[in-house]
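Okay, here's what each chain looks like letter by letter:
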Amino acid sequence: MTGVVEAEAVTKRYGEVLGLNGFSATFSEGITGLVGPNGAGKSTLYRLLAGQLKEDAGRLTLLGYPAWGQGEFRRRVGYCPESPALFDWMTGRDFVTTLLRVDGFSRSEAADRSARALEEVDLTADAHRRLRVYSKGMRQRVKIAQCIAHDPELILLDEPLNGVDPVGRAALSGLMRRLSASGRHLIVSSHVLYEVERLTDQIVMIANGQAIAQGDLHRIRDLIDSRPHVIDLESPDPRALARALGGWDHVVSLEFPAPGHLRILTRSPDSFYRDLPDLVLREGVTVKAVRSADDNLDAVFRYLSEGRR
Amino acid sequence: MSISAPRYVQAPVARVGRTSRTWSIVQREIRRRSTWGPLLAMVLTWFIITLWTVVSVFFTSLVGGSIRAAFETPYESVIWNLLMLIVAATVGAGSLADDIGSRSITLYLSRPIHLTDYVAAKASAIGIWILIAAVGPGCVAAGVSAALGWASVSDALAAVGGCLALGLVTAVFFTGICLALSSVTRRSLYAGVAIFGVVLSVTAAVSVISGITQNANLLYADLTSNTQSIAEAAFGLPSPYPTDPAASAAVMVLTGVVLATLAWWRLSRIEVVGE
């Protein structure tokens, strides 16, 4: 089966800097997560897909068309850029309507579709306000509205959940799932694996401009989980907490990096997160904060990248 | 029984043509520039040129003389060029620079429109603003003068025609300059300063060099000389200037078209990358 988006050894340079370095991946139907740390090349790939950049080498197609250029097939593609820049002098409604007019919809059709898209992202009440007064989350949502308003077949969302509050995230995730369920294809980027994990099992991992892993999330997770994870805990009594955790098989090491802090290394972060609440209740220890150093995927990507060399 | 994922197919919707799509960008761009700066420049231009023309026609009608020459008086002045320059810089400086700087150009160009349409839309928006500033005051002054009996209807209509001809040439010229200089920067302020700098420095340099070398052909590179020559011809007056009005008009239109093409060429090679 051919993919919705296919990249074959795509390279993009910015002078001396490599944005993409022989990136090869196939994005199949449904939702695909594009996961990578900041600076990995996600936005470069999106700009290539949006026809805003031209690949220096390799081959990139979407819906069977070469990505470079502004052909009529763009009507079948929706693009939500990461950049927060919008037409600030416009109202939310004007913004979506204007872009629909550029898509070729009549004035009345554009107005109808704009209203529906803004409703989808829960911005109906704020549609009359100028974009310059929108919060970061509202800006994200209006960008998504312009991206879906023309009913595209392929939707490119670059960090769509960035800056959106938890309630908004849940709503947007629901919207993405609905779009996918109706047969549309979505490519959703994020630098937070857990964010994408809730949306799809299909992911492409990118680091240093290369696809370092792709396919089923569970397989990739297994790969990631074979490496011990660092988790930082904050507690008024870290030693008591360390004693309680010391009995767990998957905990490889314990250290105290600072007063009130405990750092553990575990081979099974899933088990850790599952069992920690029970332990806290049972042992009566206080945990003020839990931070996974691996939530910042830099470490994981470094590990996978190194594994490829 | 087999289960398969739904396959999405866009519902067929009648789409408007390329011209309408481009026009929607023109409309938005005109609205976008309706801010204090351009509006103030526009009001200033209208006020000065209209008043100047009306007063000039009024006194000419009293003391006698060529009414057409009275209508033409403001357009022969350096002030008119300066006002056009102010309008062009305030309206056109950010035309492309703002979109490139904010990367919102991406939102347009990821749609099914061609770069040519986008540049044409931007050019049209700037051109319309400049045309309103260039032609409007003359038309109002002609109407007022004819209504008050200071000028005959035929002289008033000739003045409107003259304004229109000069306005069109001026609009093409300044539109080209604005597009070219707005395409080379991400900041509208730099583009605005560049528009002033380039026009004024070229005009001053050409005046000085042509004066020293006594080479009248160099005056074709001088905005003021060209405008004066075209204005005389457009208002049906004998030209006392050394430059040929048709050649002057050709130079200005060609300059505008070439510069607009350069802007298009520049955009076709620019890649909207991160800051």
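Quick caveat: nothing in here was measured; it's all calculated off a predicted structure.

Let's talk about the overall build of chain B
- The number of helices and strands found in chain B is 11 helices and 0 strands.
- Mapped in sequence order, the helices and strands of chain B form the string α-α-α-α-α-α-α-α-α-α-α.
- Dimensions of chain B along its principal axes, counting C-alpha atoms only, are 100 × 45 × 30 Å.
- Put simply, 75% of the contacts in chain B that link residues at least 6 apart link residues at least 24 apart.

Thoughts on the nonpolar core
- Counting residues in hydrophobic clusters, the biggest one holds 152 residues, and the most contacted among them are L156(A), V87(B), A88(B) and I130(B).
- Once you skip the residues sitting within four places of it in the chain, A88(B) turns out to touch I130(B), F174(B), I177(B), C178(B) and I195(B).
- One finds L241(A), L245(A), I264(A) and V285(A) within the second-largest nonpolar core, a separate group that totals 8 residues.

Points about unusual backbone geometry
Residues and elements named next belong to chain A.
- The backbone phi angle of L63 is positive, close to 55°, even though this residue is not glycine.
- Along the chain, L63 turns up in the loop between β4 (57-62) and β5 (65-66).
- On the basis of neighbour counts, which here come to 16 C-beta atoms within 10 Å, the residue L63 falls in the partly exposed class.

Some words on the sheet that holds strand β6 (residues 77-80) of chain A
Residue and element names in this part refer to chain A.
- The strand order β6-β7-β8-β3-β9-β10 describes an open sheet built from 6 strands, whose pairing is mixed. The open sheet terminates on both sides in strands that have one partner only, identified here as β6 and β10 (210-216). Direction aside, neighbouring strands of the sheet carry axes that sit 15° apart on average.

A few points about the interface of chain B and chain A
- Facing 31 residues of chain B, the contacting portion of chain A comprises 36 residues.
- When residues of the side of chain B that touches chain A are traced back to their parent elements, those giving at least two are α1 (18-32) and α6 (105-109) of chain B.
- When residues of the side of chain B that touches chain A are assigned to their parent elements, the largest contribution, 5 residues, is made by α1(B).
- The residue makeup of the side of chain B that touches chain A, split by class, is 15 nonpolar, 8 polar and 8 charged.

Focus: the confidence of the model for chain B
- Mean pLDDT over chain B: 89, with 94% of residues reaching 70 or higher.
- For this predicted complex, the interface score ipTM comes out at 0.79, alongside a pTM of 0.79.

Concerning the pairing of β6(A)
All names here are of chain A.
- Side chains V77 and Y79 of β6 all project onto a buried face; the interleaved residues G78 and C80 project onto the opposite face, where all are buried too.
- Taken together, the 4 bridges between β6 and strand β7 (residues 154-157) define a ladder with parallel strand orientation. Bridge pairing in β7 places C80 opposite L157.

Some remarks on the environment of L254(A)
- By secondary structure assignment, the location of L254(A) is in strand β12 (residues 251-255).
- Residues L254(A) and L241(A), spaced 13 residues apart in sequence, show a C-alpha to C-alpha distance of 10 Å.

A closer look at the packing of helix α8 (residues 153-182) of chain B against helix α10 (residues 223-234) of chain B
Residues and elements named next belong to chain B.
- α10 packs onto α8 with a crossing angle of 150° between their chain directions and a minimal axis gap of 8 Å. When the interaxial angle is binned, α8 and α10 end up roughly antiparallel. Once α8 is placed against α10, the crossing between them reads as right-handed. In this structure, α8 uses G162, A165, L166 and V169 to contact α10, whose residues at the interface are I230, A231 and A234.
- Here the contact of α8 with α10 is built from residues that sort into 6 nonpolar, 1 polar and no charged.

Rules used throughout
Residues numbered from 1 in each chain as written. Chains lettered and ligands numbered in written order. Predicted model: local features only at pLDDT ≥ 70, side-chain atom pairs only at ≥ 80, totals over all residues. Helix = DSSP H or I, 4+ residues; strand = E, 2+ residues; numbered from the N terminus. Contact = placed C-beta atoms within 7 Å. Core = buried A, V, L, I, M, F, W, Y, C linked by C-beta atoms within 7 Å. Buried ≥ 20, exposed ≤ 12 C-beta atoms within 10 Å, placed from the backbone. Pairing = 2+ DSSP bridges. Axes fitted to C-alpha atoms, helices over the stretch in contact; angles between N-to-C directions. Nonpolar A, V, L, I, M, F, W, Y, C, P; charged D, E, K, R; others polar. pLDDT = per-residue confidence, 0-100. Parallel < 35°, antiparallel > 145°, perpendicular 65-115°, else oblique. Left-handed = near helix turned anticlockwise from the far one by under 90°.

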